[in-house]
Amino acid sequence: MLNEYGKMRQHFLIRPIENYSIPPAHSIQRKCACGGGAGIGGECEDCRKKRLVGGRGGMGLGRIHRGGGFGGESDVPEQATPVETSPAPVPVDQPAQAAAPAAVCDPDRALTWADFTGTPAPGNHAAKTSYTFPKDSTSNPVRFRALLDSGNSWVKPKWKNPTTRTDTGAQALIDQCKKELKATPGAWALDDTPDANCPASPVPDASIEAAKVSECDSKIGAELDRVAGLESSRLLAHEQLHFTIACVLVKKANASVAAGKSVSDIETKLSQTDSTVTSSYDTDTNHGCKSAEQTTWNNKVANNLPDVKIE
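Counting starts from 1 at the beginning of each chain's written sequence and moves along it residue by residue. It should be noted that, the model being predicted, local features are given only for residues of pLDDT at least 70 and side-chain atom pairs only at 80 or more, the latter also being counted only at that level, while totals for whole chains, interfaces and linings use all residues. Side-chain measures were taken over the full set of non-hydrogen atoms in the model, leaving aside hydrogen atoms and water.

## Things to note about the overall build of the chain
Here's step 1: Numbered from the N terminus, helices here are DSSP runs of H or I no shorter than four residues, and strands are runs of E no shorter than two. Within the chain one finds seven helices and nine strands.
Here's step 2: Residue burial is assigned from relative accessible area. The probe radius is 1.4 Å, only protein chains are included, and a residue is buried under 20% of its type maximum, exposed over 50%, and partly exposed in between. Counting all 311 residues of the chain, 31% fall into the buried class.
Here's step 3: Any two residues whose heavy atoms approach within 4.5 Å are treated as being in contact. The contacts in the chain between residues at least 6 apart in sequence include a share of 65% that link residues at least 24 apart.
Here's step 4: Shrake-Rupley sampling with a 1.4 Å probe provides the accessible areas, and residues are treated as covered by the protein chains on show and by no other component. Roughly 19,400 Å² of accessible area belongs to the chain as shown, and the carbon and sulfur atoms make up 53% of that amount.

## Digging into the packing of helix α5 (residues 215–258) against helix α7 (residues 291–302)
Here's step 1: Between α5 and α7, the least distance of the axes is 10 Å, while the angle of their chain directions is 30°. By the angle between their directions, the pair α5 and α7 is classed as roughly parallel. The handedness of the crossing between α5 and α7 comes out as left-handed. Counting all contacts with α5, which are made through H238, L241, T244, I245 and V248, the residues of α7 involved are Q294, W297, N298 and V301. Fitting a line to C-alpha atoms yields each axis, with helices limited to the stretch in contact; the angle taken between N-to-C directions then spans 0 to 180 degrees. Here the angle decides the label: under 35 degrees means roughly parallel, over 145 means roughly antiparallel, 65 to 115 means roughly perpendicular, and every other value means oblique. By convention, the crossing between two helices is left-handed when the near helix turns anticlockwise from the far helix through less than a right angle, and right-handed when the turn is clockwise.

## Topic: the packing of α5 against helix α6 (residues 263–285)
Here's step 1: Packing of α5 against α6 brings their axes to within 10 Å, and their N-to-C directions diverge by 155°. The pairing of α5 with α6 is recorded here as roughly antiparallel in orientation. In this structure, the crossing between α5 and α6 has a hand that is right-handed. On α6, the residues that touch A237, H238, L241, H242, I245, L249, V250, A253, S256 and V257 of α5 are V263, I266, L270, T273, D274, V277, T278, Y281, D282 and T285.
Here's step 2: Its residues assigned to classes, the contact of α5 with α6 shows 12 nonpolar, six polar and two charged. When residue character is reported, Ala, Val, Leu, Ile, Met, Phe, Trp, Tyr, Cys and Pro are called nonpolar, Asp, Glu, Lys and Arg charged, and the others, Gly included, polar.

## Details of the sheet that holds strand β1 (residues 105–106)
Here's step 1: For two strands to count as paired, DSSP must find a minimum of two bridges between them. Strand order across the open sheet formed by three strands is β1-β6-β3, with mixed pairing between neighbours. A single partner strand is all that each edge strand has here, and the edge strands are β1 and β3 (131–132).
Here's step 2: Relative to strand β6 (residues 146–148), β1 runs parallel, the two being bridged by two bridges. Across the sheet, the residue bridging to C105 is A146, located in β6.

## Re α7
Residue pairs spaced three or four apart in an α-helix point in one direction, given the helix's 3.6 residues per turn.
Here's step 1: Taking 1.5 Å as the rise per residue, α7 with 12 residues should run 16 Å; its terminal C-alpha atoms sit 17 Å apart, in good agreement.
Here's step 2: When α7 is considered as a whole, its buried residues turn out to be Q294, W297 and V301. What you see down the axis of α7 is that its buried residues fit within an arc of 65°, all on one side. For α7, the exposed residues set more than 90 degrees away from the buried face come down to A292 and A302.
Here's step 3: Contact partners of the buried residues in α7: α5 and α6.
Here's step 4: Positive phi shows up at N304, right after α7, with a value of about 65°. Under the convention used throughout, the expected extent of a helix is 1.5 Å for every residue step, that is, one less than its residue count. Note that the arc is defined by the directions from the helix axis to the C-beta atoms.

## Notes on the state of the cysteines
Here's step 1: In what follows, a disulfide is any cysteine sulfur pair within 2.5 Å. Enumeration over the complete set of coordinates arrives at three disulfides.
Here's step 2: For C105, the disulfide goes to C247, at an S-S distance of 2.3 Å. In this pair, C105 sits in strand β1 while C247 sits in helix α5, placing the two residues 142 residues apart along the sequence.
Here's step 3: Of the residues examined, C105 reaches a relative accessible area of 6% and is grouped as buried.

## Here we look at unusual backbone geometry
Here's step 1: D106 connects to P107 through a cis peptide bond whose omega is 10°.
Here's step 2: The residue P107 is located in the loop between β1 and β2 (127–128) in this model.
Here's step 3: Of note in the backbone geometry, N286 takes a positive phi value of approximately 50° without being a glycine.
Here's step 4: Phi at L305 takes a positive value of approximately 45°, unusual for a residue other than glycine.
Here's step 5: In this fold, L305 is placed in the segment after α7.

Right, dumping it as structure tokens:
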């Protein structure tokens, strides 16, 4: 950065005055800068031509350097032509652009299964959403963020890959359909009994039947793919809301810090509140398996959890 911001120093070269000898009074003459004899106007013809033709290439934009001579004339700024020229732009160091603050929610969008890169844990749980609440100390005041921990967020293949029949279990049912139709001709259909453990899960359409072996793929397989897609979307919506809740809580925490609350106190309350709210969400909705309760929480979060305080 310049020590003197916006100030330009100009350096002009001044040629030393040439030494002249003074001849007798009746023939006083002087030599021009170019070496020729001066005429009536005090300037030789060669120098005059050079000045008119080449002056603009002299000691600075739009200036002519006139060598000092008889009478003590020195460097005088003068326009070479009546045409005005714009001064060259002054180079100055521009202040560095401040980096844009990091988004409060990262990613600042609805999650997709591609965000869940961790290894699924054994057990009955279908998915897990993991995140942290890092502090952005570069902002003033300090801000908290909701940062998805993709490496510790996971979903089992059955729900992550709803079109892969070996992952969803559809292929096993298709094979069963083919085997039974070969053994006993007739009609084969899927069971439409609701899942007692997760009533919100979609059920197959039992009216879709396979009367031929080939229809085990074209009809039964297609229906299983449809149901798997719906179940994957249902589970993803539940996990998406987990992260949206984290974002809502972070914004509440940041508002309290901006209002002058202690950063350390708010940090503790943010963690405690997140644990409480997350537990209530999963308990109330049974991890998204209760449709009515899931809808209730969707609405609460859309209204920024009005009953939750972090202050």
